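Descriptive analysis of the structure
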Amino acid sequence: PPSDSDHSMLLVLGVLTGSFIFVADLSRAITIPHEVQFMRASSYQGTESTGSVTITGLERVDLRGRHVLVVEDIVDTGLTLKEIKSELKRKGCASVHTASLLVKKTHKRIENAPPVEYVAFEIEDEFVVGYGLDYNQSLRHLPFVAVFKQS
């Protein structure tokens, strides 16, 4: 088996908190040796994007020369993914690819949003919860994805 310092092993990097269930399922389906780590990137408050991205958790992972698969729960504007990919490249990753459970069909996508190479489902531009996705830290536990409607 590869050692802890084997930088040729794929690094599956989940973006907390929404991706945790998808990362677990995806990790079980990946048939090559891989390591799983998590980072945080936040740009939402309630149902709206704040327009700025805060990234934490990368300081404890040696990324130089690593092949990384970033796993998102949902890609909306693409801003968070753009900032994550930029940060990973600055940290010296050999390659950075992306997977997302959901990608929204939206007119809000930023002009230079990076493509998502692996997409499980494309959805309409609605706010969704469940399967790890939340509304103000609630409803993540649902075993399905549902459109959230405020009353």
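One structure accompanies this document, and this report is about it. Positions within a chain are numbered from 1, following the residues in the order the chain's sequence is written. Given that the model is predicted, a residue must reach a pLDDT of at least 70 before its local features are reported, and side-chain atom pairs must reach 80 or more before they are shown or counted; all residues, however, enter totals for whole chains, interfaces and linings. The side-chain quantities take in all heavy atoms of the structure and omit both hydrogens and water.

1. Overview of the overall build of the protein chain
Inclusion rule: Going along the chain from the N terminus, every DSSP run of H or I of four or more residues is numbered as a helix, and every run of E of two or more is numbered as a strand. It is over C-alpha atoms that the radius of gyration is taken, and the globule rule equals 2.2 Å times the number of residues to the power 0.38. Only protein chains enter the accessibility calculation, which uses a 1.4 Å probe; a residue whose area is less than 20% of its type maximum is buried, one above 50% is exposed, and one in between is partly exposed. For accessible areas, the Shrake-Rupley method is used with a probe of radius 1.4 Å. Any residue's cover is judged against the shown protein chains and nothing else.
Summing up its helical and strand segments, the protein chain has 2 helices and 8 strands in all. In sequence order, the secondary structure elements of the protein chain are arranged as β-α-β-β-β-α-β-β-β-β. Here the C-alpha radius of gyration of the protein chain, 15 Å, is about what a compact globule of 151 residues would show, namely 15 Å. Projected onto its principal axes, the C-alpha positions of the protein chain cover 50 × 30 × 25 Å. Looking at the 151 residues of the protein chain, the share that counts as buried comes to 43%. Carbon and sulfur atoms provide 52% of the accessible area of the protein chain, an area that totals close to 8300 Å².

2. Thoughts on the environment of H34
Going by this rule: Residue contacts follow a heavy-atom distance rule, with two residues in contact if any of their heavy atoms lie within 4.5 Å. Under the rule applied, a polar contact is a pair of N or O atoms within 3.5 Å (in protein, one hydrogen donor and one hydrogen acceptor; residues adjacent in sequence only if both atoms are side-chain atoms).
The topology assignment puts H34 in strand β2 (residues 34–45). For the pair H34 and L11, spaced 23 residues apart in sequence, the C-alpha to C-alpha distance is 5.7 Å. When neighbours within four sequence positions are excluded, H34 is seen to be in contact with M9, L10, V12 and S27. Separated by 2.9 Å, the side chain of H34 and the backbone oxygen of I32 make a polar contact.

3. Quick look at the packing of aromatic side chains
Test applied: Only the six-membered ring of Trp is used, alongside the rings of Phe and Tyr, when aromatic pairs are assigned; centres must lie within 6.5 Å, and planes under 30 degrees apart are stacked while those over 60 apart are edge-to-face, with the rest tilted.
In this structure the tally under the stated criterion is 3 aromatic pairs. With a centroid separation of 6.3 Å and an interplanar angle of 85°, the aromatic rings of F127 and Y135 are classed as edge-to-face. According to the relative accessible area criterion, F127 is buried, its value standing at 16%. Ring geometry for F127 versus F148: centroids 6.1 Å apart, planes at 70°, classification edge-to-face. With a gap of 21 residues between them, F127 in the loop between β6 (118–123) and β7 (128–129) and F148 in the segment after β8 (146–147) connect regions that are remote in the sequence. An identical accessibility class is assigned to F127 and F148; each is buried. The rings of F127, Y135 and F148 are connected pair by pair, giving a single aromatic cluster.

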